[in-house]
Amino acid sequence: MFNALMVEKDADGKTSAAIQQIDIARLPAGDVIVDIEYSTVNYKDGLCIGPGGGLVRNYPHIPGIDFAGTVASSDDPRYSPGDKVVLTGWRVGEAHWGGYSQKARVKADWLVPLPKGIDTRHAMAVGTAGFTAMLAVMALEDHGIKDGPVLVTGAAGGVGSVATAILAQLGHEVAAVTGRPETADYLTSLGATQIVAREEINETTKRPLEAETWGGCVDAVGSAMLARVLGQMKYGASVAAVGLAGGADLPATVIPFLLRGVNLLGIDSVMQPYENRLRAWERIAKDLPMEKLEAMIVPAVLSDLPALGRDILKGQIKGRAVVDVNG
Ligand code: NDP
């Protein structure tokens, strides 16, 4: 038996989450059983734990879209008991029981061996949000980061914090957009060289093009923020669009694409092939200083989850909430 946060749906469609003792035989099919050590709280998790169940495809369900831990048993030759592994994506925590649990059974194809230089706790300080931030930085690099500051929106959140730290470590000037002025010291400690108030970018303008300012952008917010940023990019620069914390619409014009050759790069962390995931985790272990990751961690245990799920949907978590599932 093991502990997990189980979300159930009653006959009226109302969902509720509670810690339960689960028999290992109930785990869904897979090749590898993992003793989970840490999971995290991502925006999607907030939706899945919250009322209505968000993205959950089947009930009862264990949410948690990512985890890191140790292989307990494996039917796949790529993994042996004792191996340290990390999982993000593949609809785990939405369609397949996920990380808010002391055990998981998953397909071997969904796992990545943890690279040297990063332990399971730090891997989850990165988690899906940080992994996505790394994918965004790699996409910007592939298209060429131009001179000038790289803008990070939603900077005090999970994706934004990790993107800020990676870009700064790589030697870029980072302009961090935040709606929480009290996080300025935190963002500066991660390496941001400029703090931009959210209202400054969110102010509407009728001008489709403004001064060429940003050499690249990792955008976790979308909507009016993304639309405004497109018109402020340097010629030929790229925006890696990661999230929609500010809304799913995009009230933009085509002018920045036509007259400034701006690239809008969509980033999806869920269906990344194995080679890309491995490459991103190796870059994370190399390019993300562990002391900066440490500064991002909000420590949590399973019983903290419903409250943390509500917090992340309100954009109130600073950095990364790391859940010790055995704590
Ligand atoms: P967080 O809640 O940790 O961070 C989001 C940040 O966005 C907040 O901290 C806040 O930053 C800012 N923000 C929130 N609401 C608004 C608003 N209304 N207007 C402007 N800014 C706002 O979430 P994550 O960083 O984990 O995720 C960010 C987004 O990325 C989410 O939409 C998530 O679903 C998406 N995502 C996408 C992935 C993919 O594969 N494409 C993978 C992981 C996440 P501040 O307080 O600094 O302003």
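Residues numbered from 1 in each chain as written. Predicted model: local features only at pLDDT ≥ 70, side-chain atom pairs only at ≥ 80, totals over all residues. Heavy atoms only, no water.

Peer 1: Please explain the site of the ligand as it appears in this structure.
Peer 2: Residues in contact with the ligand amount to 26 residues; listed here are only the nearest, T178, G179, R180, I267 and S269. In the environment of the ligand, an oxygen atom lies 3.4 Å from a nitrogen or oxygen atom belonging to the backbone of A245. Within the contact set of the ligand, an oxygen atom lies 2.7 Å away from a side-chain nitrogen or oxygen of S269. Protein contact buries 88% of the 910 Å² of open area that the ligand shows by itself. Elements that contribute at least two residues to the shell around the ligand include exactly α2 (120-143), α3 (158-169) and β9 (174-178). Of the residues contributing to the shell around the ligand, the split by class is 13 nonpolar, ten polar and three charged. Both domains that meet at the shell around the ligand, namely domain 1 (2-114 + 292-324) and domain 2 (128-266), each give it at least three residues. (Near = heavy atom within 4 Å. Polar contact = N/O pair within 3.5 Å; in protein donor to acceptor, adjacent residues only side chain to side chain. Areas by Shrake-Rupley, 256 points an atom, 1.4 Å probe, with all protein chains shown as cover. Helix = DSSP H or I, 4+ residues; strand = E, 2+ residues; numbered from the N terminus. Nonpolar A, V, L, I, M, F, W, Y, C, P; charged D, E, K, R; others polar. Domains from an automatic or database assignment.)

Peer 1: Hey, could you run me through the packing of α2 against helix α8 (residues 274-287) in this one?
Peer 2: Angle between the axes and distance between the axes are the two parameters that describe a pair of packed helices. Interaxial distance between α2 and α8 falls to 9 Å at its minimum, and their mutual angle equals 100 degrees. It follows from the interaxial angle that α2 and α8 lie roughly perpendicular. Where α2 approaches α8, its residues A123, V126, G127, G130, F131, M134, L135, M138 and E141 are matched on the opposing element by R277, R279, A280, W281, R283, I284 and D287. Taken together, the residues that form the contact of α2 with α8 break down as nine nonpolar, two polar and five charged. (Axes fitted to C-alpha atoms, helices over the stretch in contact; angles between N-to-C directions. Parallel < 35°, antiparallel > 145°, perpendicular 65-115°, else oblique. Contact = heavy atoms within 4.5 Å.)

Peer 1: Sorry, what's going on with the pairing of strand β14 (residues 297-301) here?
Peer 2: When a strand is regular, its side chains alternate between the sheet's two faces. As paired elements, β14 and strand β15 (residues 320-324) share five bridges and run parallel to each other. Paired with V298 across the strands is A321, a residue of β15. Regarding the hand of the β-α-β motif, the stretch spanning β14, helix α10 (residues 305-313) and β15 is right-handed. (Pairing = 2+ DSSP bridges. Right-handed = clockwise from strand over helix to strand, strands pointing away.)

Peer 1: Would you mind going over the side chain of S269 with me for this structure?
Peer 2: Examined against the element boundaries, S269 turns out to sit in the loop between β13 (263-266) and α8. Judged by its relative accessible area of 10%, S269 falls in the buried class. Side chain to side chain, S269 and T132 meet in a polar contact 3.4 Å long. The residues contacting S269, other than those within four sequence positions of it, are T128, F131, T132 and L135. (Buried < 20%, exposed > 50% of the residue type's maximum accessible area, 1.4 Å probe, protein only.)

Peer 1: Where do I start with the nonpolar core in this structure?
Peer 2: A general tendency of soluble globular proteins is for nonpolar side chains to be buried together. Grouped together as the largest cluster of nonpolar side chains are 50 residues, with contacts concentrated most on V86, V218, W281, I284 and L288. When contributions to this core are tallied by element, the ones reaching two or more residues are α2, β8 (150-152), α3, β9, α4 (184-190), α8 and α9 (290-296). Broken down by element, the residue count for this core peaks at 14 residues, all from α2. Each of domain 1 (2-114 + 292-324) and domain 2 (128-266) gives at least three residues to this core. Aside from chain neighbours lying at most four places away, what touches V86 is F67, A68, W110, L111, V112, L114, A123, M124 and W281. In terms of nonpolar packing, the next biggest core, distinct from the first, is built from 34 residues, L5, I62, Y100 and V106 among them. (Core = buried A, V, L, I, M, F, W, Y, C linked by side-chain atoms within 4.5 Å.)

Peer 1: What is the right way to look at the domain arrangement of the protein in this model?
Peer 2: Interface size, as often reported, equals the accessible area lost upon joining of the parts. We note that the domain assignment places domain 1 (2-114 + 292-324) and domain 2 (128-266) within the protein. Between the C-alpha centres of domain 1 and domain 2 the distance comes to 29 Å. Taken together, the contact pairs 14 residues of domain 1 with 20 residues of domain 2. Looking at the side of domain 1 facing domain 2, the largest losses of area belong to K292, M296 and K318, adding up to 42% of the total buried there. Between the two partners, domain 1 and domain 2, sit zero salt bridges. At the junction of domain 1 and domain 2, the tally comes to seven residue pairs in polar contact (both at pLDDT 80 or more). (Buried area = accessible area lost by both parts, 1.4 Å probe. Salt bridge = Lys/Arg side-chain N within 4 Å of Asp/Glu carboxyl O.)

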